[in-house]
Amino acid sequence: MTHILHRQIHADLPVAVGGKGVSLYDSAGRAYIDASGGAAVSCLGHGHPDVIAALTRQAEDLAYAHTSFFTNEPAEKLAEKLVKAAPESIGHVYFVSGGSEANEAALKMARQYFVEKGEPERRNVIARRQSYHGNTLGALAAGGNAWRRAQFQPLLIETHHIDPCYAYRFRWPGESEEAYGQRAAQQLEDTILELGAETVMAFIAEPVVGATAGAVPAVPGYFRRIREICDRYGVLLILDEVMCGMGRTGTLFAFEQDGVAPDLVSVAKGLGGGYQPIGAVLLSRAIFAAFAEGSGFFQHGHTYMGHPVACAAALSVQEVIERDGLLANVREMGAHLTSLLEERFGEHAHVGDIRGRGLFMGLELVGDRASKEPFDPALKIFARVKREAMERGLMVYPAGGTVDGKRGDHVLLAPPFIVDRPTVERIVELLGEAVDAAVA
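In this text, all values refer to a predicted model and were calculated from it rather than measured experimentally.

Peer 1: Describe helix α9 (residues 222–233), with residues and values.
Peer 2: Between its first and last C-alpha, α9 extends 17 Å over 12 residues, near the 16 Å set by a 1.5 Å rise per residue. For α9, the complete set of buried residues consists of Y222, F223, R225, I226, R227, I229, C230 and Y233. Elements that come into contact with the buried residues of α9 comprise β5 (124–128), β6 (160–162), α8 (177–195), β7 (200–205) and β10 (236–240). Residue G234 follows α9 closely and has a positive phi angle near 70°.

Laid out in structure tokens, this is it:
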């Protein structure tokens, strides 16, 4: 009997007891290929000696010091490294313990920025339907996944949502990707004008939508148009890279591939690779200046922000990625994974779309390929895929809800950056077996 309130109360979960490289092991001696990085977290795989050594050293030297009294060396070094890798407009970093906290902090930063500037009427947040920004109340309110929001709706602040940039579902027949991107982005300007530009503080979006849609990247030109609209009306652009960032798509920041720079960007998962809980918000020099020249502080905080051991582990993760050239491997193995997925599922009767970037790939499962009609939600095909994959020693990240939060199924792949060609091939082989068994 367990005394843990698990995610699924009636689930009979195996007990994880070890991990090495791309594999995890349970107490029964079974091995699982971690083809999802847990939830796109384990970018270096499991048991990396350099990271373990770094966090052990830090724990021996200094495990914790509250940030109202001290700063610490690993936090300072990690912030310096992140700022150096970010666009020139980014100047500072705020460390938290995970992605939900990061997006919560980003929303508060946006609000305080306008208060400091003497524009307190700016309060409205615009986001996208079928997005996910975390489970704290502010982040959940910004998110556009109907199922996650439903029972907590009375507790959520008012936010506003436009359609996602989701070409498979929303592009018109015969419409070019570029034309579709411009049309999708126009919804932001329309909503800003409807609300009154003077009341809008931020637009938040994932450059590649993760858990709630299955690795959906924006079409070319979409985010450049979004950036132009935000600049025109003085709206802050928050890019949520909690899942898709820190190298997952082949560049350190996913937004690099869209040719834009945000005012605020949230990162987590791949920042620390699962070795310690950590997240961060990178903020523009302009936002920092408003705080510094105004009240002189950011009215927010958590007990474990800037945690020395967490920052030491994350710093080591990022140093290993840079030293070993792992972003190049993400691009190379991502191309190999894409090719194999297209070969295996390109004509599959129940795979409607194959999409993503780098080692962040998704399959959309449909009941009918020609009409794009999803499976009956009651079938919970996504859960079947997970079960069939686990039985074959493969971890994937599936979910339901690709159109309105209630319909559709997808499977997300996010293997560690250290993955090699034979393992990629084995992942696709096992996934093919799991999908076939799930839809049979």
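Peer 1: Explain unusual backbone geometry to me, using residue names and the numbers behind them.
Peer 2: Residues apart from glycine generally show negative phi values, whereas peptide bonds are mostly found in trans. For M246, which is not glycine, the phi torsion reads 55° and is therefore positive. With respect to the helices and strands, M246 occurs in the loop between β10 and β11 (264–267). The phi dihedral of K372 is positive, around 65°, even though this residue is not glycine. Secondary-structure assignment places K372 in the loop between β14 (360–365) and α13 (381–391).

Peer 1: Which residues make up the nonpolar core, and what values do they have?
Peer 2: Among the nonpolar cores identified, the biggest contains 97 residues, and F95, F203, Y222, L282 and L431 are the most heavily contacted of them. Setting aside anything within four residues of it in sequence, one finds Y222 in contact with R128, I162, C165, G181, A184, A185 and F203.

Peer 1: With reference to specific residues and values, describe a nonpolar patch on the surface.
Peer 2: A cluster of nonpolar side chains, contributed by V15, V17 and Y25, occupies part of the molecular surface with about 260 Å² of accessible area. Along the chain, V15 falls in the segment before β1 (16–20). With a relative accessible area of 48%, V15 lands in the partly exposed category.

Peer 1: Quick rundown of the sheet that holds strand β16 (residues 397–400)? Include the residues and the values.
Peer 2: With respect to topology, four strands assemble into an open sheet ordered β13-β14-β17-β16, the strand pairing being antiparallel. Strand pairing shows two members of the sheet lacking a second neighbour, β13 (351–357) and β16, which therefore form its edges. The sheet shows a mean angle of 20° between the axes of neighbouring strands, direction not considered. Note: β16 against strand β17 (residues 409–413), four bridges, orientation antiparallel. Along β17, the bridge assignment pairs P398 with V411. Sheet strands in contact with helix α12 (residues 326–345) are β13, β14 and β17, and its direction is about 15° off that of β14.

Peer 1: Tell me about the state of the cysteines, residues and numbers included.
Peer 2: Summed over the entire model, instances satisfying the criterion amount to zero disulfides. C165 takes part in no disulfide bond, and the closest cysteine sulfur, belonging to C244, lies 13 Å away. A residue is classified by how much of its surface remains accessible, and C165, at 2% relative accessible area, is buried.

Peer 1: Now, about the packing of α8 against α9: what can you tell me, with residues and values included?
Peer 2: The N-to-C vectors of α8 and α9 enclose an angle of 20°; their axes lie 8 Å apart at closest approach. Taken as axis vectors, α8 and α9 run roughly parallel relative to one another. Along this stretch, α8 crosses α9, giving a crossing that reads as right-handed. Contacts between α8 and α9 involve G181, Q182, A184, A185, Q186, L188, E189, I192 and L193 from the first element and Y222, R225, I226, I229, C230, R232 and Y233 from the second. A per-class count over the contact of α8 with α9 returns 10 nonpolar, three polar and three charged.

Peer 1: Could you give me a rundown of the environment of N329, with the residues and numbers involved?
Peer 2: Mapped onto the fold, N329 is located in helix α12. Residue classification places N329 among the buried residues on the basis of a relative accessible area of 18%. Distance in space between the C-alpha atoms of N329 and T303 is 37 Å, their sequence separation being 26 residues. Those residues in contact with N329 that lie beyond four places of it in its chain are G334, F417, I418 and V419. A distance of 2.6 Å separates a polar atom in the side chain of N329 from the backbone oxygen of F417. A distance of 3.0 Å separates a polar side-chain atom of N329 from the backbone oxygen of V419.

Peer 1: Just give me the short version of the sheet that holds strand β15 (residues 394–395), but keep the residues and values in it.
Peer 2: If you trace the four strands from one edge of the open sheet to the other, you get β1-β2-β3-β15, paired in mixed fashion. Edge positions in the sheet fall to β1 and β15, since each has one partner strand and no second. Across three bridges, the pairing between strand β2 (residues 23–26) and strand β3 (residues 31–34) is antiparallel. Counterpart to L24 in the pairing with β3 is Y32. Of the strands in this sheet, β3 and β15 touch helix α14 (residues 421–439), which is tilted by about 105° from β3.

Reading the values: the criteria
- Residues numbered from 1 in each chain as written.
- Predicted model: local features only at pLDDT ≥ 70, side-chain atom pairs only at ≥ 80, totals over all residues.
- Heavy atoms only, no water.
- Helix = DSSP H or I, 4+ residues; strand = E, 2+ residues; numbered from the N terminus.
- Expected span 1.5 Å × (residues − 1).
- Buried < 20%, exposed > 50% of the residue type's maximum accessible area, 1.4 Å probe, protein only.
- Contact = heavy atoms within 4.5 Å.
- Core = buried A, V, L, I, M, F, W, Y, C linked by side-chain atoms within 4.5 Å.
- Patch = residues over 30% accessible without salt bridge, like charges linked within 9 Å, V, L, I, M, F, W, Y side chains within 5 Å.
- Areas by Shrake-Rupley, 256 points an atom, 1.4 Å probe, with all protein chains shown as cover.
- Salt bridge = Lys/Arg side-chain N within 4 Å of Asp/Glu carboxyl O.
- Pairing = 2+ DSSP bridges.
- Axes fitted to C-alpha atoms, helices over the stretch in contact; angles between N-to-C directions.
- Disulfide = S-S within 2.5 Å.
- Parallel < 35°, antiparallel > 145°, perpendicular 65-115°, else oblique.
- Left-handed = near helix turned anticlockwise from the far one by under 90°.
- Nonpolar A, V, L, I, M, F, W, Y, C, P; charged D, E, K, R; others polar.
- Polar contact = N/O pair within 3.5 Å; in protein donor to acceptor, adjacent residues only side chain to side chain.

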